[in-house]
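# Close look at the chain arrangement
In case you want the letters, here they are:
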Amino acid sequence: MKNKRLQNQLIEEIDAFLTTQKSLMLSTSNEAGFPHASYAPFAIHDNELLIFISQLAAHTQHLLTTPKAGVLMIEDESLSQDVFARTRLSYQVQVEAVDRDDEFWPQGIALLKDKLGDRIDLLSQLGDFVLFRLTPVDGRFVKGFGRAYEINPGSLVDELTHITK
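A brief report on the enclosed structure follows. Residue positions are given per chain, counted from 1 along the sequence in the order it is written. Reporting of local features is limited, given that this is a predicted model, to residues whose pLDDT is at least 70; pairs of side-chain atoms are given and counted only at 80 or more, and all residues count toward the totals for whole chains, interfaces and linings. Processing note: side-chain calculations cover all non-hydrogen atoms of the structure and skip hydrogens and water entirely.

A few words now on the overall build of the chain. Each helix corresponds to a stretch of at least 4 residues labelled H or I by DSSP, and each strand to a stretch of at least 2 residues labelled E; elements are numbered beginning at the N terminus. Across its full length, the chain holds four helices and eight strands. Its helices and strands taken in sequence order, the chain reads α-β-β-β-α-β-β-α-α-β-β-β from the N to the C terminus. Compactness check: the chain gives a C-alpha radius of gyration of 16 Å against a globular reference of 15 Å for 165 residues, within 12% of the reference. Overall, the C-alpha framework of the chain stretches about 50 × 35 × 30 Å when taken along its three principal axes. Within the chain, contacts between residues at least 6 apart in sequence are counted, and of these 63% link residues at least 24 apart. All accessibility values rest on the Shrake-Rupley procedure with a 1.4 Å probe; residue burial counts only the protein chains present in the view. By element, 50% of the accessible surface of the chain is carried by carbon and sulfur atoms, the whole surface being about 9,500 Å². For the purpose of charge, His is not counted, nor are the chain termini; Lys and Arg are scored as positive and Asp and Glu as negative. The location of each charge is read from NZ of Lys, CZ of Arg, CG of Asp or CD of Glu. Taken together, the 16 basic and 23 acidic charged side chains of the chain have centroids lying 8 Å from each other. The reference for a compact globule is 2.2 Å times residues^0.38; the radius of gyration itself is calculated from the C-alpha atoms. Any two residues whose heavy atoms approach within 4.5 Å are treated as being in contact.

What follows is the structure, given as structure tokens:
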């Protein structure tokens, strides 16, 4: 983006948006390719989103068999001035399950606990919960009509490109 001041402002807005959200909408696909919409609480680690979800849920099984997903965070309808132009942040992500014996496991659980509270202590004791790392392949931030921006591939928030077509 040529206007560095605008880019820095948008990056700050995206950071703030990510920080205030506690859950994301998740789009997964089953083995037959049918989509499934759900949600999951999340935390952030570097340029990744972390989710911790039960294997009893359909979306967990989908992620284990098809490690790609879509993610959406969207402004609350009650806060939006125009329901057609709600602020939103979306990513296409690669998904990786983290084994409980992986050296990242305790760090990931600690990040989730810091953001989401003590319930993570109980959930981490349940054997059916899986920690996933969601790494962006591409992303998009939309602030309203004519104000859509591509996010640099591989980043939650980085260099932006204004979408004009």
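Next comes the rest of the account.
Let's shift gears to the packing of aromatic side chains. Two aromatic rings, drawn from Phe, Tyr or Trp (for Trp, its six-membered ring), form a pair once their centres lie within 6.5 Å of each other, and the interplanar angle then sorts them: stacked below 30 degrees, edge-to-face above 60, tilted otherwise. According to the stated counting rule, one finds two aromatic pairs in the structure shown. Ring geometry for F52 and W105: centres 5.6 Å apart, planes at 65°, overall edge-to-face. Separated by 53 residues along the polypeptide, F52 in strand β3 (residues 48-54) and W105 in helix α3 (residues 105-116) bring together distant segments of the chain. Judged by its relative accessible area of 12%, W105 falls in the buried class. When the centroid spacing of 5.3 Å and the interplanar angle of 40° are considered together, the rings of F52 and F129 count as tilted. With a gap of 77 residues between them, F52 in strand β3 and F129 in strand β6 (residues 129-142) connect regions that are remote in the sequence. F129 carries the same exposure label as F52, and that label is buried. Here the aromatic residues F52, W105 and F129 are joined through ring pairs into a cluster of three or more. Using a 1.4 Å probe on the protein chains alone, a residue whose accessible area is under 20% of its type maximum counts as buried, one over 50% counts as exposed, and one in between counts as partly exposed.

Attention now goes to a nonpolar patch on the surface. Patches draw on residues past 30% relative accessible area with no salt bridge. Two like charges within 9 Å are joined, as are two nonpolar side chains (Val, Leu, Ile, Met, Phe, Trp, Tyr) within 5 Å. For this analysis, a salt bridge means a side-chain nitrogen from Lys or Arg found within 4 Å of a carboxyl oxygen belonging to Asp or Glu. There is a patch of nonpolar side chains on the surface, built from V83, F84 and F145 and spanning about 400 Å² of accessible area. In this structure, F84 sits in the loop between β4 (68-74) and β5 (88-98). By relative accessible area, which is 67% here, F84 ends up exposed.

Next up on the list: the side chain of S54. As for its placement among the helices and strands, S54 is situated in strand β3. We classify S54 as buried; its relative accessible area is 13%. Whenever two N or O atoms come within 3.5 Å, that pair is a polar contact, provided that in protein one can donate a hydrogen and the other can accept it, and provided that, for residues adjacent in sequence, both atoms are side-chain atoms. In this structure the side chain of S54 is engaged in a polar contact, spanning 3.0 Å, whose partner is the backbone nitrogen of L56. If near-sequence neighbours (up to four positions away) are discounted, S54 is found in contact with T60, D128 and F129.

Quick look at the pairing of strand β1 (residues 23-29) now. Residue alternation in β1 divides its side chains into a buried set, L24, L26 and T28, and an unburied set, S23, M25, S27 and S29. Two strands pair if DSSP finds at least two bridges between them. Sheet analysis places β1 next to strand β2 (residues 35-45), joined by seven bridges and oriented antiparallel. Within β2, the position partnered with L24 by the bridge is A40. Hairpin connection from β1 to β2: five residues lie between these consecutive antiparallel strands, with G33 at a positive phi of about 90°. Pairing of β1 with β4 involves three bridges; the strand directions are antiparallel. When the sheet's bridge partners are listed, L26 is paired in β4 with V71.

Below, the discussion takes up the layout of surface pockets. In this structure, the largest pocket occupies an estimated 200 Å³ of space. Using a grid of 1 Å spacing that covers the protein atoms alone, one calls a set of points a cavity when a 1.4 Å probe fits there but cannot get out, and a pocket when the set is open and has protein on both sides within 12 Å along at least five of seven lines; lining residues are those with an atom within 4 Å of a point. Lining the largest pocket we find Y39, A40, P41, F52, I53, H59, L112, L116, R119, I120, L123 and F129. Put simply, the parts of the chain that give the lining of the largest pocket at least two residues each are β2, β3, α3 and α4 (119-123). A per-class count over the lining of the largest pocket returns ten nonpolar, one polar and one charged. Grid points are joined across faces, edges and corners, and a volume is the space filled by probe spheres set on the points. Polarity classes work like this: nonpolar for Ala, Val, Leu, Ile, Met, Phe, Trp, Tyr, Cys and Pro, charged for Asp, Glu, Lys and Arg, and polar for all others, with Gly in that last group.

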